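Here is how the chains run, residue by residue.
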Amino acid sequence: MCRSTKSIFSFLVSLSSSKHPSVECKQNKKYTYGFAHWFFGRALGLVCFFAFISYWIQADALIGPAGINAWEKDLEFIETLSAAQEDTVNKWFLRPTLLWLPLLDNHNLLFAIGTLSAGFLILGFIPALSAIIAYVTYLSLMVVGGPFLSFQWDILLLETLLISLPFLPISRIHKLSDAHDPPIIGRFLLIALLAKLMLESGVVKFTFFDRNGFNTWRELTALDFHYWTQPLPHTLSPWIHALPDWFDQLSLFLIYATELVLPFLLFLPGKWRRIGVIGQIILQVAILLSGNYGFFNLLTLCLCIPLIDDQLLPSFLVKKISQNKKQGARFRTFLRTGIACILAFIMVSTTFGHLIKDIKGNQAALKEHLVVPKWIQSLQVKAGHFRCFNSYGLFRVMTTTRPEIIIEASRDGTTWQTYEFKWKPSHENQSLSFTGPHMPRIDWQMWFEGLNFENHTQHPFSQFLYGRFLQMMVNGHSDSVFSNLREVLGVKEFQALQRSPPAVQNQAITNYNHLIQSFRSRSKWFGSFLKALGEGKQNVLEQLSPTNPVDYKPSYLRVSLSHFKFSEAEGMQWEISKIPGASYTLALDI
């Protein structure tokens, strides 16, 4: 082996050594991370366990054979698409899932394997291998989840599992008595992921504006709206909303400091690092106390663990940590560190590209001056196939209204009963509750669909066409029907269009194509959900409230939109105002 090769080999091995400055020294004080090395995998395993179980108990309604977004139909579509474009489209890149394999084409089997791997992580049994299995199974189930698995915490969980591989030990049983300092580069990757999550979330708050050109984060009014417009408030949300204005102002500045300043402290030694991580922990606890975000806060708190040094722990716990610094086989260490370096390069490069886009925002001012290099764009696309090295941006645009969709059922079109959800508000007296680490996917998607519905009410044509889209989805029409303008618009509207001048016809057809594409990409799930309600599918109805009064197959569904706001009246949880004209009565084909 030549001298230069030996030097590279020695350098890579040193990055994985506990004797390298992963132990920070300042004034002869050493900071070690043995407990963090032992505890991180177990905490991550617990979050994975919650994620798998939460998804599993909803899977039959979401992606099962009779579900809203059946994975078998999705894979059939992808296979047809890839067969038609074999040279340019690969089904494994479009849907990287084990469900393609004949022996694993059962979502319940993948849930069982994933949950078992999460349990192994909790127990410290072959942590690195358990994390790989958890990553592959969650990825396999996430990519067929459609809009229900399109949230930032899902991709954050996948990225954390992948990035944690150089940090997690390979040992068969990772005991506290065997814990020692983790590899410096493995620890760096997790710290970098936390810093990226926070920094991007801070930047986008100042660079993204709503459709009216307003930015409540800049105007210091974001928290006037946040607690009652967030997707799923809980019991404490109204109480926090009622706190004085000075508290909201102080909270805003603390959020800005935590997301834009403290991430840089995470890479510094000693007390600066501790200040940085304490700030992140406080922010996550505050978010947890103010709203329901499933396992997201727990996952972000997991990323804080590698920053907690042993010197912060009680002495009786530190004594249980081994002082043994023995490392694994030299070649295995070299290989593992080499992989970690590749991951670090991809993370730093893609994060640079994401930050450029974050700084540009959704305004035109900087778009010509800030350009992401093409090689980084290519790298981002390749990484995107595996849902890793993602862009983040928590609460980038604060909603200032709460449009809630109300779904009602009727046998005769005269007497109506409202479908009640477990967590989504449906009436003025519906109480708020904690979801814990559970993520109710349908309730969350209803919040987003309410925003879509409100956007469609801004123009008569989009409002009319959205209603027609829902009617045809409820009646079970296939996607091909939307290419038939006459059938979608109806005879009267189609004839009126034919009598219009050519310029008006061309503009109407352009608008039609744009809106239908938007409905199919954003609201198709909602049409399928309404169809399932109309058919009285038990697996879907089970996801609603146990007190839901609709226990029959209706002849009609009514979908309407109202604005909800925390009520100040005693005995009422919500103040409701109906949005004029935002209502559709859908007749079901029986």
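Structure shown above.
Residues numbered from 1 in each chain as written. Predicted model: local features only at pLDDT ≥ 70, side-chain atom pairs only at ≥ 80, totals over all residues. Heavy atoms only, no water.

Novice: Would you mind going over unusual backbone geometry in detail, with residue names and values included?
Specialist: The phi torsion at Arg387 lies on the positive side, around 55 degrees, for a residue other than glycine. Its place among the elements puts Arg387 in the loop between helix H17 (374–384) and strand E3 (403–410). Even without being a glycine, Phe395 presents a positive backbone phi close to 55 degrees. Structurally, Phe395 is set in the loop between H17 and E3. (Helix = DSSP H or I, 4+ residues; strand = E, 2+ residues; numbered from the N terminus.)

Novice: How would you sum up the pairing of strand E5 (residues 556–566)? Please name residues and give values.
Specialist: Two strands pair when backbone bridges link them, and E3 and E5 are joined in this way by eight bridges, in the antiparallel orientation. In the strand pairing of E5, Ile406 is matched with Ser560. As paired elements, E5 and strand E6 (residues 574–587) share ten bridges and run antiparallel to each other. Looking at the pairing, His563 lines up with Ser577 of E6. (Pairing = 2+ DSSP bridges.)

Novice: Account for the packing of aromatic side chains, with residues named and values stated.
Specialist: Evaluation of the coordinates by the stated rule reveals 38 aromatic pairs. Ring geometry for Phe151 versus Trp153: centroids 5.1 Å apart, planes at 25 degrees, classification stacked. In this structure, Phe151 and Trp153 share a single accessibility class: buried. Centre to centre, the rings of Phe566 and Trp574 are 5.0 Å apart; their planes meet at 40 degrees, and the pair counts as tilted. One exposure class covers both Phe566 and Trp574, and it is buried. Site record: aromatic cluster; members linked through ring pairs are Phe151, Trp153, Tyr293, Phe296, Phe395, Trp444, Trp447 and Phe448. Sitting above the plane of the Phe208 ring, Arg396 keeps its charged end 4.8 Å from the centroid. Seen from the ring of Tyr55, Arg441 lies directly overhead, with NZ or CZ sitting 5.9 Å from the centre. (Phe/Tyr/Trp six-rings, centres within 6.5 Å; stacked < 30°, edge-to-face > 60°. Buried < 20%, exposed > 50% of the residue type's maximum accessible area, 1.4 Å probe, protein only. Lys NZ or Arg CZ within 6 Å of the ring centre and 35° of its normal.)

Novice: Summarise the pairing of E3; cite the residues concerned and give the values.
Specialist: Of all eight residues making up E3, eight are buried, and the element is well covered by its neighbours. Neither face of E3 is left uncovered, since the one carrying Pro403, Ile405, Ile407 and Ala409 and the one carrying Glu404, Ile406, Glu408 and Ser410 both have all their residues buried. The hairpin formed by E3 and strand E4 (residues 417–418) contains six residues between the paired strands, and Gly413 there has a positive phi angle of roughly 80 degrees.

Novice: Pulling in residues and values, what's your account of the nonpolar core?
Specialist: Core analysis: the largest hydrophobic core is formed by 133 residues, its most contacted members being Leu157, Ile407, Phe526, Phe529 and Leu530. Those residues in contact with Leu530 that sit more than four places away from it in its chain are Ile407, Leu470, Val474, Leu557, Val559 and Leu586. Ala222, Ile240, Met398 and Phe566 belong to the second largest nonpolar core, which has 14 residues in total. (Core = buried A, V, L, I, M, F, W, Y, C linked by side-chain atoms within 4.5 Å. Contact = heavy atoms within 4.5 Å.)

Novice: Any details on the pattern of salt bridges? Residues and values, ideally.
Specialist: One pass over the full model with this rule turns up 14 salt bridges. When the shortest N-O distance is used, the salt bridge between Lys205 and Glu259 registers 3.0 Å. Of this pair, Lys205 sits in helix H8 (residues 184–207) while Glu259 sits in helix H11 (residues 245–260), placing them 54 residues apart in sequence. Comparing Lys205 with Glu259 shows no difference in burial state: the two are buried. (Salt bridge = Lys/Arg side-chain N within 4 Å of Asp/Glu carboxyl O.)

Novice: Talk me through helix H22 (residues 502–522); I want residue IDs and the actual numbers.
Specialist: Between its first and last C-alpha atoms H22 spans 30 Å; for 21 residues at 1.5 Å apiece the expected length is 30 Å, and the two agree. Summarising the contacts, the buried residues of H22 are in contact with helix H18 (441–456), helix H19 (460–474), helix H20 (485–489), helix H21 (491–498) and helix H23 (524–534). (Expected span 1.5 Å × (residues − 1).)

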